[in-house]
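Each chain, letter by letter, is given below.
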Amino acid sequence: MKNRSLFDSYNNALQGVIHALRNERNFKIHFSAAIIVLLVSIVIKVNVVEFLILCITVSAVIVAELFNTAIEAVVDLYCGEKRHPLAKVAKDTAAGAVFITAVNACIVGYLLFYKKIMESGLSSASFKIIRETPYYITLVCIVIVIMLTIIIKTYTKAENFFRGGMPSAHSALAFALATCISFLTKNAMAVSLSYFLAFLVAQSRIEGKIHSFLQVILGGTLGTLVTIMIFQWFGAY
């Protein structure tokens, strides 16, 4: 059935990701690995080009897993209880595509990470990159907050990622950004306005009857705590 709006298209797409998180073990592993890779990329001081390569590689693995899930679902729907030889070929080929992208990801990770990790020795001096490139850690905080929100919504069985569910993704992102700003500037007015806007976002979710008070509180708490942990972990304060 055709989606009624662009909003429905995005929501249905995220439902596909949520389904894979709930039901596919390998997808859970790759999704969790993506979060770890983002954190490690800060420690080893990757540049913009390397970060883009990393994002493309990680995305390729996740997309391959989603295609694999989709192909398995179609094959099971068509074949039912029957065990046709071509069904095995379809499933094995899709799994092979995932395997190749995973191997490629390992190669890319090795080439990008190994030398830099050896050179840096994971010393505290390497953490100074955060202060030099504040936009980068902000991006990492946003991405990780989004991914954690998706994971929580998956396990709390939220029916709609954008509307309702535990926790409030909008509140989580709003407070994550406000917390990033509080770390990156000493301007009290900028920090106050940032948190004021975050509170307005949270309030709008409650007044619009999209989220409950508890869902908004937990979303704001998630965004704030995750951001604080990342900044403190890497010494970006």
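See the structure printed just above.
Novice: How would you explain the overall build of the protein if you had to name every residue and give the values?
Specialist: Secondary structure summary: the protein contains nine helices and zero strands in total. Starting at the N terminus, the α and β elements of the protein follow one another as α-α-α-α-α-α-α-α-α. Classification of the 237 residues of the protein by burial places 39% in the buried group. Excluding contacts between residues fewer than 6 apart, the proportion of contacts in the protein whose partners are at least 24 apart in sequence is 75%.

Novice: Tell me what's going on with the pattern of salt bridges, and back it up with residues and numbers.
Specialist: Under the counting rule described, the total for this entry stands at two salt bridges. Here Asp-76 and Lys-91 are joined by a salt bridge, their closest N and O atoms 2.7 Å apart. With Asp-76 in helix 3 (residues 48–79) and Lys-91 in helix 4 (residues 85–120), this pair connects stretches of sequence that are 15 residues apart. Overall, the relative accessible area of 40% leaves Asp-76 in the partly exposed class. Residue class for Lys-91 comes out partly exposed when judged on its relative accessible area of 26%. Notably, a salt bridge pairs Lys-88 with Asp-92, separated by 2.6 Å at the nearest N-O pair.

Novice: Report on the side chain of Thr-69, specifying residues and quantitative values.
Specialist: Position of Thr-69 relative to the elements: it lies in helix 3. You can call Thr-69 buried: its relative accessible area is 11%. Look past the residues within four positions of Thr-69 in its chain and what remains in contact with it is His-19 and Glu-24.

Novice: I'd like a rundown of the nonpolar core, residues and numbers included.
Specialist: Formed by 35 residues in total, the largest nonpolar core has its most connected members in Phe-27, Phe-31, Phe-113, Ile-144 and Ile-230. Those elements that place two or more of their residues in this core are helix 1 (6–23), helix 2 (25–43), helix 3, helix 4, helix 6 (134–155), helix 7 (169–184) and helix 9 (213–233). When residues of this core are assigned to their parent elements, the largest contribution, eight residues, is made by helix 2. Ignoring anything within four residues of it in the chain, the contact list for Ile-230 reads Leu-39, Ile-137, Cys-141 and Ile-144. In this structure, Phe-175, Ala-178, Ala-198 and Val-216 belong to the second largest nonpolar core, which totals six residues.

Novice: Tell me about the packing of aromatic side chains, and name the residues and values.
Specialist: Enumeration over the complete set of coordinates arrives at four aromatic pairs. An aromatic cluster of at least three residues, connected via ring pairs, comprises Phe-175, Tyr-195 and Phe-199.

Novice: Which residues make up the packing of helix 7 against helix 9, and what values do they have?
Specialist: Two elements in contact, helix 7 and helix 9, have axes separated by 7 Å at closest approach and are oriented at 35°. Crossing of helix 7 over helix 9 shows right-handed handedness. Touching Ser-171, Ala-172, Phe-175, Ala-176, Thr-179, Cys-180, Phe-183 and Leu-184 of helix 7 are Val-216, Gly-219, Gly-220, Gly-223, Thr-224, Thr-227, Ile-228 and Phe-231, all from helix 9. Its residues assigned to classes, the contact of helix 7 with helix 9 shows nine nonpolar, seven polar and no charged.

Novice: So what's going on with the packing of helix 7 against helix 8 (residues 188–207)? Which residues, and what values?
Specialist: Packing of helix 7 against helix 8 brings their axes to within 9 Å, and their N-to-C directions diverge by 175°. Classed by the angle they form, the pair helix 7 and helix 8 counts as roughly antiparallel. Residues His-170, Ser-171, Ala-174, Phe-175, Ala-178, Thr-179, Ile-181 and Ser-182 of helix 7 lie in contact with helix 8, whose contacting residues are Ala-190, Val-191, Ser-194, Tyr-195, Ala-198, Phe-199, Val-201, Ala-202 and Arg-205. Among the residues forming the contact of helix 7 with helix 8, the class breakdown is 11 nonpolar, five polar and one charged.

Cut-offs applied
- Numbering of residues starts from 1 in each chain and follows the order in which that chain's sequence is written.
- Local features in a predicted model are, by the rule used here, given only for residues with pLDDT of at least 70; side-chain atom pairs are given and counted only at 80 or more, and totals for whole chains, interfaces and linings are based on all residues.
- With hydrogens and water set aside, each side-chain value is computed from the structure's full complement of heavy atoms.
- Helix and strand definitions follow DSSP, with helices as H or I runs of at least four residues and strands as E runs of at least two, each counted in order from the N terminus.
- In this scheme, a residue with accessible area under 20% of its type's maximum is buried, one over 50% is exposed, and one in between is partly exposed, where area comes from a 1.4 Å probe on protein chains only.
- Contacts are residue-level and defined by heavy atoms, with any inter-residue pair within 4.5 Å sufficient.
- Whenever a carboxyl oxygen of Asp or Glu lies within 4 Å of a side-chain nitrogen of Lys or Arg, that contact is scored as a salt bridge.
- Note on terminology: a nonpolar core comprises buried Ala, Val, Leu, Ile, Met, Phe, Trp, Tyr and Cys residues joined through side-chain atoms within 4.5 Å.
- Only Phe, Tyr and Trp rings take part, Trp by its six-membered ring, and two of them pair if their centres are within 6.5 Å. Stacked means planes under 30 degrees apart, edge-to-face means over 60, and tilted covers everything else.
- Helix axes are fitted to C-alpha atoms over the stretch in contact, other axes to C-alpha atoms as well, and angles between N-to-C directions run from 0 to 180 degrees.
- Note on convention: the crossing is left-handed when the near helix lies turned anticlockwise from the far helix by less than a right angle, right-handed when the turn is clockwise.
- Asp, Glu, Lys and Arg are counted as charged, while Ala, Val, Leu, Ile, Met, Phe, Trp, Tyr, Cys and Pro are counted as nonpolar; the rest, among them Gly, fall into the polar class.
- An angle below 35 degrees is read as roughly parallel, one above 145 as roughly antiparallel, one from 65 to 115 as roughly perpendicular, and any other as oblique.

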